[in-house]
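Structure at a glance
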Amino acid sequence: RSDKEYEDLVDQLLASPHFGERWGRHWLDKARFADSDGYEKDNHRPDAWRYRDWVINALNSDMPFDQFTIEQLAGDMLPDARPLQRLATAFHRQTLTNSEGGTDSEQWRVAAVMDRTETLGTVWLGLSVGCARCHTHKYDQITQSEYYQLYAYFNNADETKAEVPISDQTDAEVIAERVAIASEIESRSNEIEGSIQEWLPKIQERGRSQHENRSRAHALIDVSIDGPEGVNFVRKANDSWLVEGKKVETATYTIKSTCDVDDLTGIRIEVLPDDSLPSKGPGLSANGNFVLNDIQLYASTEPEWNESNLQTWSSATASFSQNKWPVAGAIDGKIGAGRRGTGWAVAPQNGKAHTATFYVNKTIPKGNRHLKVVLRQSYGSQHTIGRFRLSAVTGLPPNGGLPKEVLKLTIKDEISDSERQSLIDWQVARDPEVIELKSELQELADEIIPARVIKQRMNQPRTTHVLRRGEFKQPLEEVFTGTFSTLPAIKARDDRPETDRLDLARWLVSGENPLVPRVVVNHVWKNLFGEGIVPTMNDFGVRGDAPSHPKLLDHLAQKLIEFGWSRKKLIKYITMSATYRQSSKHRTDLRDIDPTNRLLHRQNRFRVEAEIVRDLSLSVSDLLSDKIGGPSVFPPIPPGVTDLTYNSNFKWNTSTGDDRYRRGMYTYFKRTAPHPNLIIFDCPDSNVTNVDRDRSNTPIGALVTLNNESFVEAARAMAQHVLTKTELDDDRSKLIYALRRCIVRTPIPEEIDNFETLLRASHAWYIDHPEDAKELVGDRASVNTSIGTNAAWIATLRIVLNLDEFITRE
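Here goes a summary of the coordinates provided.

All right, on to the overall build of the chain then. Summing up its helical and strand segments, the chain has 24 helices and 17 strands in all. Projected onto its principal axes, the C-alpha positions of the chain cover 115 × 85 × 50 Å. Burial status across the chain gives 52% buried among its 810 residues. Look at the contacts in the chain between residues 6 or more apart in sequence, and 74% of them connect residues 24 or more apart. Counting every atom, the chain has about 38,400 Å² of accessible surface; 49% of that belongs to carbon and sulfur.

In structure tokens form, the structure reads like this:
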């Protein structure tokens, strides 16, 4: 490639939306990210993924590292802190949480604060400050008192929850809208409270009337009923009606009648059992149930009805309602068809009588004696009413109109302040304007989730003491916030008497602290070269390794600051260098002079990280999902892994669709039962911060990439892909294509010969073992190709995906 082509490639990769995933994974190791609490119970953390999304988005937008630092360490303390800045503090909510019975909450709070202190020392300062927890550091110049001065910054950082937008894109608009609506609700509530002298007497008068005037039922006169063709309605002795004749799936009953009482307030329907009905009814379904999806009432002065006579409902009561099928469902207007509708049903209380009363919004005035009632039953499966009786209702609902607790207060001569507030709260809750505003607020709630964050303790701040040998019950002298005497002094902002966590965060990235930019550069270098300029990533102290190129480390630290703490600019600067662009091929002429490549005479060769091992197989087989962000997923896992969890209460429900093939960084991480594919390839346990992953090479790793379900599935998909490449004429050209796709080079003839031999041997074996071939192929058979051929290709490509070169960065 020319320099221009190479630079264009670097720019393209830096601009990729997957950049944040790739480099975010490194940061999540430092943040000790996991989806569960740890310890024995290891409870689920439903909102953990939201912090991971924040990291990905921050890196994709190239948030300057100084801002990235400040928001994660003290975002809650920024002036007018935005929800996403509060979310950033979830960096320090990734600590383990012990919820076992009998634990001392203060002990584990102190343990979490110590973890935060030591994580800051490792991630930003490159120092193993934890040694000073129990005594003055034996080697570095960190005293025990200084350890607890640093500890003091986090001692008043309490764990809490904050409402945050479900995605970064909805941050400002959603939160602003929620605040505006909440303000409107508060304003309207104050307005209602201020007008209490106007509405309270009316409510009290209504309550007394309701107390004196209970509802009563009245028989209907001259009743006639129409229903589906072939359905008959037989009048029984007690003015009820039995449905006979043709069995229909759905039905609408129309009842016309008159009533000799005035001022109607509703209609009552009684559904009755009968020996002639299935399971004694009261419905006609096999189990005796029914669903009344909708009821309508028309009232007119003449025996003719139109839409102007249609009454509207205020409420409904029933002697019994089936779970998820309340009587209110019959008046909500959601008729639907089949299970999509709502309505009133009575299972499991079948074979019994039940009553439902429906109240109108406005009393039907005197003279409207002609009634028409329409009963719609559209659920299906003969869920229609088998026997019923209708009545007209006068008077107020027994517990309708005013709720029982409100009714009780309205008939009292005097009420207390708390009772007065109860009436105000009730009036506010039923106010149409408030209801509408709360509905809008609820719609926005779908865009908001609660997230674990850190919040500065403002009331009753804790004092910090040196702890004898780190024991939380053995405090010694009191200490105040401060940093190490060997580093530049920290200053309090705004003439405050003492520095706080925001001062600490700003001090780290002020540019005056010599450690932070060098530590950050070392992390980036390690990710690009496989080893840091300072190999001991977590120890820049006197016991750590000296930098291989100290002037280079100084130069890059200075460039990072010049770049405005931009990681992308730093990465581009390094990757454009001739040092980075070297081949990783071993040079025998320098083997004795620089056996470990400390002098960087070539590029390093190392295996990709645990999550990416599987990603590579999914990618070449066209299975990898490109979806970015969102909750963790559950790819296939070997049986029995999660049985070892607390009370075996954790179930791994394998994801389906695209979620089955998400990148490895989205795999659900259960601290007490992590996915074995990750652990085998050296993914850290997330119990403490990790800035330097191990890289091991074991036979178990090879067995995983050969036999694990995910990798076999990838081999199936890749075989299907290769076999459908019609432009490839023969097996040899197909093998060359597959190898080039996986190892990104043209294979040498000897390699192709070996794979051809394997392919022929596999084909012969699977022709003789057709059942094994079917099992291996599964549902990924390629069209116009025999099962034996499919199986042979899958077996061969499993070896290609198992190559060391495939999972190694060259």
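On to the packing of helix α3 (residues 48-60) against helix α4 (residues 65-74). Relative orientation of the contacting elements α3 and α4 amounts to 165°, with a least axis distance of 12 Å. By the criterion of interaxial angle, the relationship of α3 to α4 is roughly antiparallel. Read as a crossing pair, α3 and α4 show a hand that is right-handed. Facing α3, whose interface residues are Y51, W54 and A58, α4 presents F68, E71 and Q72. Each residue belonging to the contact of α3 with α4 can be placed in one class, and the counts come to four nonpolar, one polar and one charged.

This part is about the layout of surface pockets. In this structure, the second largest pocket spans a volume of roughly 550 Å³. N156, Q456, R457, T499 and D500 are the residues nearest the centre of the second largest pocket, which is lined by 25 residues in total. Residue assignment for the lining of the second largest pocket shows that the elements contributing at least two residues are α7 (144-155), β13 (448-456) and β15 (475-479). Grouping the amino acids of the lining of the second largest pocket by side-chain chemistry returns eight nonpolar, six polar and 11 charged.

On the surface, a cluster of negative charge is made up of E173, E177, E184, E436, E440, E443, D446 and E447. On the secondary structure map, E440 appears in helix α12 (residues 432-445).

Here we come to the nonpolar core. Y51, W54 and W124 are the most contacted members of the largest nonpolar core, which totals 87 residues. In this view, W124 contacts W27, F65, T69, L73, F91, T119, L508, L515, V516 and V519; residues no more than four positions away in its chain are not counted.

Another point: the packing of aromatic side chains. All told, the structure shown has 27 aromatic pairs when counted by the stated rule. For the ring pair W27 and F68, a centre distance of 4.9 Å and an interplane angle of 65° mean the geometry is edge-to-face. Taken as a pair, W27 in helix α2 (residues 19-30) and F68 in helix α4 lie far apart in primary sequence, 41 residues in all. Geometrically, the ring pair formed by F65 and F68 is tilted, given 6.0 Å between the ring centres and 40° between the ring planes. Placement of the pair is F65 and F68 together in helix α4, with a separation of three residues, close to one helical turn. For the pair F65 and F68, a shared accessibility class is recorded, and that class is buried. Counting every residue linked through ring pairs, the aromatic cluster contains W27, Y51, W54, F65, F68, F91, W124 and W565. Note that K372 overlies the ring of Y298, its terminal NZ or CZ placed 4.5 Å from the centroid.

Glancing now at the sheet that holds strand β6 (residues 251-258). Spatially, four strands are ordered β3-β6-β11-β8 in an open sheet, and the strand pairing comes out antiparallel. Of all strands in the sheet, those bounded by a partner on one side alone are β3 (221-226) and β8 (294-300). Taking the axes of each pair of neighbouring strands and ignoring which way they run, one obtains an average angle of 15° across the sheet. Strand direction decides the pairing type here: β8 and strand β11 (residues 370-377), joined by seven bridges, are antiparallel. The residue bridging L297 from the neighbouring strand is V373, located in β11.

For the pair α2 and α3, the least separation of the axes is 8 Å and the interaxial angle reads 125°. If you check the angle between α2 and α3, you find them oblique. Of the two possible hands of crossing, α2 and α3 adopt the one that is right-handed. Residues F19, G20, E21, W23, G24, W27 and L28 of α2 touch α3, and the partners they reach there are Y51, R52, V55, I56, L59 and N60. Tallied by class, the residues present in the contact of α2 with α3 amount to eight nonpolar, three polar and two charged.

This brings us to the pairing of β11. Within β11, seven of the eight residues are buried, which leaves it mostly tucked inside the rest of the structure. Inspection of the sheet shows β6 paired to β11 by eight bridges, in the antiparallel sense. By the bridge assignment for β11, T258 is matched with H370.

For the peptide bond that leads from G281 to P282, omega is 10°, which places it in the cis range. Within the fold, P282 resides in the loop between β7 (264-271) and β8. Along the chain, A347 connects to P348 via a cis peptide bond; the corresponding omega equals 5°. With respect to the secondary-structure elements, P348 resides in the loop between β9 (313-318) and β10 (354-364). Positive phi outside glycine occurs at L600, with the angle close to 60°. Structurally, L600 is set in the loop between α16 (567-575) and β16 (606-607).

This part takes up the state of the cysteines. Per the stated rule, a full pass over the model turns up zero disulfides. Here C131 stays unpaired: no disulfide links it, and the sulfur of C134, its closest cysteine neighbor, is 9.3 Å away.

Attention shifts here to the pattern of salt bridges. Tallied over the full model, the rule gives 49 salt bridges. Across the salt bridge formed by R188 and E433, the nearest N and O atoms sit 3.7 Å from each other. Within this pair, whereas R188 is found in helix α8 (residues 171-194), its partner E433 is found in helix α12, the two being separated by 245 residues in sequence. Overlapping salt bridges, with partners in common, bring together R25, D29, E611 and R693 in one network.

It is worth spelling out helix α17 (residues 610-620) at this point. α17 sits mainly inside the fold: nine of its 11 residues count as buried. For α17, the set of buried residues is A610, E611, I612, V613, R614, D615, S617, L618 and V620. Looking one or two places after α17, you find D622, whose phi comes out positive at around 65°.

What counts as what
Residues numbered from 1 in each chain as written. Predicted model: local features only at pLDDT ≥ 70, side-chain atom pairs only at ≥ 80, totals over all residues. Heavy atoms only, no water. Helix = DSSP H or I, 4+ residues; strand = E, 2+ residues; numbered from the N terminus. Buried < 20%, exposed > 50% of the residue type's maximum accessible area, 1.4 Å probe, protein only. Contact = heavy atoms within 4.5 Å. Areas by Shrake-Rupley, 256 points an atom, 1.4 Å probe, with all protein chains shown as cover. Axes fitted to C-alpha atoms, helices over the stretch in contact; angles between N-to-C directions. Parallel < 35°, antiparallel > 145°, perpendicular 65-115°, else oblique. Left-handed = near helix turned anticlockwise from the far one by under 90°. Nonpolar A, V, L, I, M, F, W, Y, C, P; charged D, E, K, R; others polar. 1 Å grid on protein atoms, 1.4 Å probe; cavity = no way out; pocket = protein on both sides within 12 Å on 5 of 7 lines; lining within 4 Å. Points joined across faces, edges and corners; volume = space filled by probe spheres on them. Patch = residues over 30% accessible without salt bridge, like charges linked within 9 Å, V, L, I, M, F, W, Y side chains within 5 Å. Salt bridge = Lys/Arg side-chain N within 4 Å of Asp/Glu carboxyl O. Lys, Arg positive; Asp, Glu negative; His and termini not counted. Charge placed at Lys NZ, Arg CZ, Asp CG, Glu CD. Core = buried A, V, L, I, M, F, W, Y, C linked by side-chain atoms within 4.5 Å. Phe/Tyr/Trp six-rings, centres within 6.5 Å; stacked < 30°, edge-to-face > 60°. Lys NZ or Arg CZ within 6 Å of the ring centre and 35° of its normal. Pairing = 2+ DSSP bridges. Disulfide = S-S within 2.5 Å.

Everything listed here is a matter of coordinates, which is why it stays silent on function.
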